[in-house]
Amino acid sequence: MEKMDFSGERQLSIQDYIRIIYRGRWIILISFVTVLFFVSYYTFTATPIYRSTVKVMVKDNGGVQKTLFNVVDYMEKEKKINNEVEILKSRILAENVVQELYNSDKADQLIILGNASPKKSKGFGFFRAIKSFLSALFSENNKNTLPTADSENLKHQRIVSSLQGRIVIEPVRNTDMIDISLTAESPEEAAFLANTVARVYQEQNQSESREEVRKVKDFLQNQLNMFQAQLHKSEQALKDYQEKKKVIALPKEVEEMVTKLAEFESMFHGVEIELNSNKERLAYIDKQLEQNRQYINMDNILKAPLLDELSQQMAELQTKRAKYIAALMDEGVYDPANPDSKLRQFDEQEKVIREKYKSEITQLASVETVDPLAMSQNLLQRKLEIEATIQSLLPKIKTLKSIVDDYNADLEKVPQRSLELARLERAAKLDEKITLMMKEKYEESRITEVGQLGNVRIIDPARANYIPISPKKKMNLILGIIVGLGLGFGITFLLEYFDNSVKSPDEIERMGLSILGTIPVIQLDEAMRKVNQNGDNGFTRNGNFSEARVIAGRLITHFAPKSPIAEAYRSLRTSIQFSRADKPLKTIVFTSAEPKEGKSTTVVNLAIAIAQLGSRVLLVDSDLRRPVIHSIFDLDRSRGLSNFLIGKISLDEAIFESDVDNLNIMPSGTLPPNPSELLGSVAMKNCIAELKNRFDVVLFDSPPVLAVTDAVILSSEVDGVVVVIKEGQTNREAVKRCYGILQKIPNRLLGAVLNGIHVNGFHGYGYYYYYHYNYYGKEQKQKKKNMLKKDY
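For the structure given in this document, a descriptive report is provided here. All figures in this text were calculated on a predicted structure; none of them were measured in a lab.

What follows is about the pairing of strand E11 (residues 720-726). Counted residue by residue, E11 has six buried out of seven residues, so it is predominantly covered. Pairing analysis gives five bridges linking strand E6 (residues 587-592) to E11, with the strands arranged parallel. By the bridge assignment for E11, Ile588 is matched with Gly720. Pairing of E11 with strand E12 (residues 749-757), which is carried by six bridges, proceeds in the parallel orientation. Its bridge partner being in E12, Val721 is matched across the sheet by Leu749. Note that the unit made of E11, helix H27 (residues 732-742) and E12 has a crossover that is right-handed.

Structure follows, in structure tokens:
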């Protein structure tokens, strides 16, 4: 392809592009047909694929509503959805779904499990036959030779991988919705798989949500059983002591002390139970995080100075609250079920401190975590909340323990006679309060467990969609056409780009050579038809029709003098005659840059065209290496130029008359061992001088310039040199080198002939020949019509 040049050379025009496309028309056609065939084969033999979608909603169940890791709420929400997407894509979920499929009542109907076959495509029978043949051909080589256990395991893993590949997860933008799509070979199976994945995902989410609460409930149940037994023992011990000692009640001041001690001690044990419950939850979450290899160094976090300050504030707050409760109990107005405004104020202050714990711990966690965005958001958030709760309970426990110890110390000062009864009453009241509290917390945990339905809700179950998503026949065929044509055009322009051959007269002129003429491609069948039309039916030599076609093509000017090709040679004749207006040209050498460029055919037909004017023409075969002129005219080359030059024969004996009027032939003669020396000899100079006296025009057929030096040696002794260049074959660099060599011989190079052009294509120079083809074609048709009328 002609490269674009901004230095003044002609740029590619639309006509050039059309010419390139026309030259590569067969490449484009083959590429188009090949791509379209394979696309059609795939399209009409592929098993239809159907897709069904189920829509689920991932609800936010609360928790810390503040920003986490200094990221805004929107980003945190997006992370939560992305976490759920990764869970849906996980292998664990896929394995659970496959197990559910095996246990379903439709297991024997599922194609994914290998228990059913997909529906046959309704494509072309020819394509289906090819596909069946290929499947049968390769099935014998693909038999599974693994042991049974390994085969089953491999099959299971393959099904799991296949299921993972079929799942398409698409979060719905700006919502908590997720679309779960599954593909299958039947619409019913696609819907069943999508609903199964959504159901297993929901059940897995519920199970994870309830597991943490279940751990706390089991812990509270064990504690409740223990305190119920302990309450029974303490009440029985108090009863036995009263019956034995005949003591009914304690003194009033001791009774008040025991009541306060029991109250604070129950508060202490309540906080302790809450602390242990949160530790149980924390242990469960740490286990989950450890399985996922996610870790936060809490030791560094808990050493923060601000947490120590918050702990001190919590301790002071609990001390004040305990003193206030003691004062209310002294006044007999304390009611734990209905706290007054000041107690509610204490509780609000405690809540504020706990929130500060949570906020501080989450801020510190963002620094300690290496890659917080990659961690499980829900687990991490719950862990931080529990850690904050635990840290807020520690100073409260410490304060209440100190208060309980103080009351125990005061109780020890009671007289010995009332001390034992006080201890028993304290134990009974304490166990009663703790038991009641444990029952309340246990019931709360049961209610919480039942209410843990997970945060996944199925909004829109999947339904069978009977329109396949693959293959898309119309789209595939359109793409096949586009790709086929695109590939063909691409290959054509790529080959054109790397093709460095001469393709137009303009290229030759830009190299410095003048164009003497352009010769169309000679169609051998057409030339043979012209021979038969002219009545030369005996032209076939020795019954060799193929050889006759070649000879007819090389003598086209003789057998078809009115053809456009003959006219092209006559045009060349005229150009050569006027190329040297100041000096008549009598001896001309025809050469080429490389072999097989048509110089012998060109010089033969030019000799015939000149002879048809009445000039005496001699055609000399000066190619003493690979001569062909004698074969064209069916002459014996044992007598010719080489024999004359070495003095074996006379000049008259070396010259033969041809069937063409005014045309004589001098064959090459016997091939010598030293052609270059022979052509550069004095005998050759004398031969040329004598031939100029005998004939009007002498044409020499010489070897290619770049192959040997024969043509260069001969060119220095003649009047002019013509270079024959073949379109689409001769390399530009070869033409440049040939021009550089011949240019060193002054006033010899006449110009170039562009041979083998395609006149029926889109060429800038093809209109002239197109006109003559149609003109002479009409003339021949008119002659036939006239002959038919005459015969009639």
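Now that the structure is up, let's keep going.
Our next topic: the pairing of strand E10 (residues 697-701). Burial runs high along E10: five of the five residues are buried. Looking at chain direction, E6 and E10 are connected through four bridges and run parallel. Within E10, the residue paired with Ile588 across the bridge is Leu699. As paired elements, strand E7 (residues 617-621) and E10 share five bridges and run parallel to each other. Bridge pairing links Val617 to Val697 in E10.

Taken as a whole and judged by the stated rule, the model has three aromatic pairs. Seen from their ring centres, Tyr17 and Phe493 are 5.9 Å apart, and the 50° between their planes marks the pair as tilted. On the criterion of sequence distance, the pair formed by Tyr17 in helix H1 (residues 14-23) and Phe493 in helix H14 (residues 473-498) is long-range, its members being 476 residues apart. Between Tyr497 and Phe498 the ring centres are 5.3 Å apart and the planes differ by 90°, which places this aromatic pair in the edge-to-face class. Looking at Tyr497, the relative accessible area reads 38%, which means it is partly exposed.

A word on unusual backbone geometry. Generally, phi is negative for residues other than glycine and the peptide bonds are trans, each holding for most cases. With an omega dihedral of -5°, the bond running from Ser470 to Pro471 counts as a cis peptide bond. For Pro471, the location among the structural elements is in the loop between strand E4 (456-460) and H14. Positive phi is not limited to glycine here, since Asn662 has a value of about 70°. Within the element layout of this structure, Asn662 appears in the loop between strand E8 (656-657) and strand E9 (663-666). At Asn747, a position not held by glycine, the phi torsion is positive, near 60°.

Parameters at a glance
Every chain's residues receive numbers from 1 upward, in the order its sequence appears when written. Per-residue local features are limited, in this predicted model, to residues with pLDDT of at least 70; the limit for side-chain atom pairs, both in listing and counting, is 80 or more; totals at the level of whole chains, interfaces and linings are taken over all residues. Think of the side-chain values as coming from all heavy atoms in the structure, minus any hydrogens and water. Type-normalised accessible area, obtained with a 1.4 Å probe on protein chains alone, sets the label of each residue: buried when under 20%, exposed when over 50%, and partly exposed for intermediate values. To qualify as a helix, a DSSP run of H or I must reach at least 4 residues; to qualify as a strand, a run of E must reach at least 2; elements of each kind are numbered from the N terminus. At least two DSSP bridges between two strands are needed for those strands to be called paired. For a crossover, the right-handed case is the one in which the path from the first strand over the helix to the second runs clockwise, viewed with the strands pointing away from the viewer. The pairing test for Phe, Tyr and Trp rings, Trp by its six-membered ring, is centres within 6.5 Å, and the orientation test on the planes gives stacked under 30 degrees, edge-to-face over 60, and tilted for anything in between.

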